[in-house]
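# An overview of the molecular structure
What follows is each chain in one-letter form.
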Amino acid sequence: MIKNIFSEAQIESLKSILDSSESIVLTCHKSPDGDAVGATMGFCQVLKQMGKKARVVVPNTPADNLRFLPQSDTIMCAEEAEEAELANVFAQADLLLCMDYNDVKRTQGLCPYIEQSTSKKVLIDHHMFPKHFCDLEFSFPDLSSTCELAFRLVMAMGLENKVGKLGASYFYMGLVTDTGNFAYNSSNPETFMIAAKLLGYGIDKNGIYNRAFNSQKENSIRLQSYALQHSLKVKREYGIALITISQETLRRYYYTNGDTEGLVNVPLKIPEVFCSVFMREDESCIKISMRSQGDFSVRDLCERYFGGGGHLNAAAGEYQGTLEEAVNMYYAMLLKEKNNILAYKEKYINGK
Ligand SMILES: [Mn+2]
């Protein structure tokens, strides 16, 4: 049984907002991931089947491996759209759905349009600590993905017959990408029950996995291999690893967005390593991403040392300065956090 996690009042409010809206814009965070694309496009299919005018508008173009499902070409990308066209889409909307983000700032170029819009706004998200910028909020950080949340909403409203194969394919795409094909964030048996329900729509499960996951470009594989070969530093006594990539290396491998995707996870394949840090020297700053295993919080580290945040096991930040200075900051962090890290390592190794 999939339990209903919403209050009746919440669902009634959502229903009445949807009923009274004709033109709906679905938005997500910048650099849309599989969950952001899946949740907006999946829910958009449901709204269209309800007879609504619905449109997905994203801050910038999603990666190629997330644009293989039918109708991907209907996604409007703010970065490429004419300003007037964009303004018009928002002016006509009587409802904005804010999906897979907890802070309107995460929508980059869409931010002013969302902030200035007088339309009703509904938050549908699974990130912690939402900023309260919507009229109605569905914030469920315990769920695997916004896609799971969106499909639960569909079920709670009795709209399962409006999802169709395409809507289910999009929702499934978010479910598999946000859980690493059910490797993490998916300990709740109900996540699998929802996956089972989505399979019931006749979706191409293997095809979606294959398109979403096996999509790396040759130069990206070479760039990542180079970084692992030349920059990986494993501090075994701490259980922590660091990878860095300089601007020069990025250029040598014709880097484009997404080429370093997944690299930060590689050191976690080493049994003793429970925390991995990746630094990339972008043109404007050093981008930091961190991943961890278990309940070691990289969100805390990113907040304290790199002005960022995120999830417990996946977080990001930035450093203003040179790559060398960022690396120094990393070593300063290790020194300051030594006791905390060693205590966790003890627990991690023993508990394994
Ligand atoms: Mn998500």
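## Quick word on the domain arrangement of the protein chain
Partitioning the protein chain into structural domains gives domain 1 (8-213) and domain 2 (219-351). Put simply, the middle of domain 1 and the middle of domain 2, counted by C-alpha atoms, are 29 Å apart.

## Some details on the sheet that holds strand β1 (residues 23-27)
Taken in spatial order, the six strands make up an open sheet running β3-β2-β1-β4-β5-β6, and their pairing is parallel. Each edge of the open sheet carries a strand with a single partner, namely β3 (76-77) and β6 (136-139). Two elements, β1 and strand β2 (residues 53-58), share five bridges in a ladder whose sense is parallel. In the strand pairing of β2, S23 is matched with K53. Docked against the sheet, helix α2 (residues 34-49) engages β1, β2 and β4 (95-99), running at close to 170 degrees with respect to β2. Its contacts with the sheet put helix α5 (residues 146-156) on β4, β5 (120-125) and β6, and the angle it makes with β5 is roughly 120 degrees.

## Focus: helix α7 (residues 189-199)
Within α7, the full set of buried residues consists of E190, T191, I194, A195 and L198. Along the axis of α7, the buried residues cluster in a sector spanning 150 degrees; they form a single face. Contact partners of the buried residues in α7: α5 and α6 (164-178). Its side-chain oxygen at 2.9 Å from the backbone nitrogen of E190, N188 defines the N-terminal cap of α7.

## Some details on the coordination of the manganese ion
Under ideal tetrahedral coordination, the four donors around a metal are separated by 109.5 degrees; under ideal octahedral coordination, the six donors are separated by 90 or 180 degrees. Coordination sphere of the manganese ion, protein contribution only: D35 (OD), D100 (OD), H126 (NE2) and D178 (OD), at 2.2 to 2.5 Å. Mapping the donors of the manganese ion onto the primary sequence yields the spacing D-x64-D-x25-H-x51-D. Pair noted here: D35 is in helix α2 and D178 is in helix α6, with a separation of 143 residues, a long-range link. The same class applies to D35 as to D178, namely buried.

## Section: the pairing of β2
Between β1 and its parallel partner β2, the chain crosses via α2, and the hand of that crossover is right-handed. As judged from the two bridges shared by β2 and β3, these two strands associate in the parallel manner. Its bridge partner being in β3, V58 is matched across the sheet by C77.

## Brief notes about the packing of aromatic side chains
In this structure the tally under the stated criterion is 15 aromatic pairs. Ring geometry for F296 and Y344: centres 5.3 Å apart, planes at 50 degrees, overall tilted. One end of the pair, F296, is in the loop between β10 (286-292) and α11 (298-306); the other, Y344, is in helix α13 (residues 338-351), and 48 residues separate them in sequence. Summarising the burial analysis for this pair, F296 and Y344 share the class buried. Of the aromatic side chains, those joined through ring pairs into one cluster are F6, F138 and F140.

## Section: the packing of α2 against α6
Each pair of packed helices can be described by the angle between their axes along with the distance between the axes. Running from N to C, α2 and α6 point in directions that differ by 160 degrees, and their axes come no closer than 7 Å. If you check the angle between α2 and α6, you find them roughly antiparallel. Here the hand of the crossing between α2 and α6 comes out left-handed. Facing G34, D35, V37, G38, A39, M41, G42, F43 and Q45 of α2, the residues of α6 in contact are L166, G167, Y170, F171, M173, G174, T177 and D178. When grouped by side-chain class, the residues that make up the contact of α2 with α6 number eight nonpolar, seven polar and two charged.

## Comments concerning the nonpolar core
Core analysis: the largest hydrophobic core is formed by 58 residues, its most contacted members being L26, F43, L97, V122, F138 and F171. Setting aside residues no more than four positions away along its own chain, V122 makes contact with L14, I17, L95, L96, L97, C98, C134, L136 and F138. In this structure, Y238, F274, Y330 and Y344 belong to the second largest nonpolar core, which totals 27 residues.

Each value, and the rule that gives it
- Residues numbered from 1 in each chain as written.
- Predicted model: local features only at pLDDT ≥ 70, side-chain atom pairs only at ≥ 80, totals over all residues.
- Heavy atoms only, no water.
- Domains from an automatic or database assignment.
- Pairing = 2+ DSSP bridges.
- Helix = DSSP H or I, 4+ residues; strand = E, 2+ residues; numbered from the N terminus.
- Contact = heavy atoms within 4.5 Å.
- Axes fitted to C-alpha atoms, helices over the stretch in contact; angles between N-to-C directions.
- Buried < 20%, exposed > 50% of the residue type's maximum accessible area, 1.4 Å probe, protein only.
- Arc of directions from axis to C-beta.
- Polar contact = N/O pair within 3.5 Å; in protein donor to acceptor, adjacent residues only side chain to side chain.
- Donors = N, O, S within 2.8 Å, 3.2 Å for Na, K, Ca; no water.
- Right-handed = clockwise from strand over helix to strand, strands pointing away.
- Phe/Tyr/Trp six-rings, centres within 6.5 Å; stacked < 30°, edge-to-face > 60°.
- Parallel < 35°, antiparallel > 145°, perpendicular 65-115°, else oblique.
- Left-handed = near helix turned anticlockwise from the far one by under 90°.
- Nonpolar A, V, L, I, M, F, W, Y, C, P; charged D, E, K, R; others polar.
- Core = buried A, V, L, I, M, F, W, Y, C linked by side-chain atoms within 4.5 Å.

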